[in-house]
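# Analysis of the macromolecular model
Residues per chain are reported as follows:
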Amino acid sequence: MIKKKLTVSAGWSMAAIGVLHSAVFLPHPYWAEWLTGGLRSGDAGDASLSVFWALPGGFVVPLILSGLLVARLGRRGERAPVYVGWALGGWAAGCALLVGPSGFLLGFIPAGLLVAEDLLARRRNVTAPAAARG
């Protein structure tokens, strides 16, 4: 079993982006409001709602879990489906177009690594002797 280094790197970069995003948005004054039911009661202000969707209610947890899953696939010698890279890149591009230069640009790192891993695998299959391909 040969590790897929680009896939592992993509997974760890996805997890790192999620952790860094959490670290940036974690210190804010809204935790007390959320924990006392401000979101459920409708008393939360616009800023509180925005920060909620940027941190615990947003993409952070799924991004970290997806990153760990992708890294595990790579360590096992498997590749993530190429559509994961294309979808992540498309999402990052769309968000960057809407918000401008921001942390969304970091999404191009794991996206590019996943697409590159797929391109390398396709190239290996094309250049491998027919007997080796099975």
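This section reports on the structure supplied with the text. (Residues numbered from 1 in each chain as written. Predicted model: local features only at pLDDT ≥ 70, side-chain atom pairs only at ≥ 80, totals over all residues. Heavy atoms only, no water.)

## A look at the environment of Leu65
Note the cut-off: Strands here mean DSSP runs of E at least two residues long; helices mean DSSP runs of H or I at least four residues long; both are numbered from the N terminus. Using a 1.4 Å probe on the protein chains alone, a residue whose accessible area is under 20% of its type maximum counts as buried, one over 50% counts as exposed, and one in between counts as partly exposed.
Topologically, Leu65 is positioned in helix α5 (residues 60-75). Using a relative accessible area of 53% as the deciding quantity, one classes Leu65 as exposed. In this structure the C-alpha to C-alpha distance between Leu65 and Ala15, which are 50 residues apart in sequence, comes to 7.1 Å.

## Brief notes about the packing of helix α1 (residues 5-25) against helix α7 (residues 108-127)
Counted only if it meets this: With axes taken as lines fitted to C-alpha atoms, and helix axes fitted only over the stretch in contact, angles between N-to-C directions fall between 0 and 180 degrees. Angle categories: roughly parallel below 35 degrees, roughly antiparallel above 145, roughly perpendicular from 65 to 115, and oblique for all the rest. Left-handed describes a crossing whose near helix is turned anticlockwise from the far helix through less than a right angle; right-handed describes the clockwise counterpart. Contacts are residue-level and defined by heavy atoms, with any inter-residue pair within 4.5 Å sufficient. For this scheme, ten residues count as nonpolar: Ala, Val, Leu, Ile, Met, Phe, Trp, Tyr, Cys and Pro. Four count as charged, namely Asp, Glu, Lys and Arg, and the remainder, Gly too, count as polar.
Where α1 contacts α7, the axes come no closer than 8 Å and their chain directions differ by 165°. Judged by the inter-axis angle, α1 sits roughly antiparallel to α7. In this structure, the crossing between α1 and α7 has a hand that is left-handed. When α1 is examined against α7, the residues Lys5, Leu6, Thr7, Ser9, Ala10, Ser13, Met14 and Ile17 are found in contact with a partner set consisting of Ile109, Pro110, Leu113, Leu114, Ala116, Glu117 and Leu120. Taken together, the residues that form the contact of α1 with α7 break down as ten nonpolar, three polar and two charged.

## Some thoughts on the nonpolar core
To keep it simple, the criterion reads: Throughout this description, the term nonpolar core refers to a set of buried Ala, Val, Leu, Ile, Met, Phe, Trp, Tyr and Cys residues connected via side-chain atoms within 4.5 Å.
Among the nonpolar cores identified, the biggest contains ten residues, and these are Ala10, Met14, Ile17, Leu63, Val70, Leu73, Ala80, Leu88, Ala111 and Leu114. Of all the secondary-structure elements, those providing two or more residues to this core are α1, α5 and α7. Once residues lying within four places of it in the same chain are set aside, the contact partners of Ala10 are Pro110, Leu113 and Leu114.

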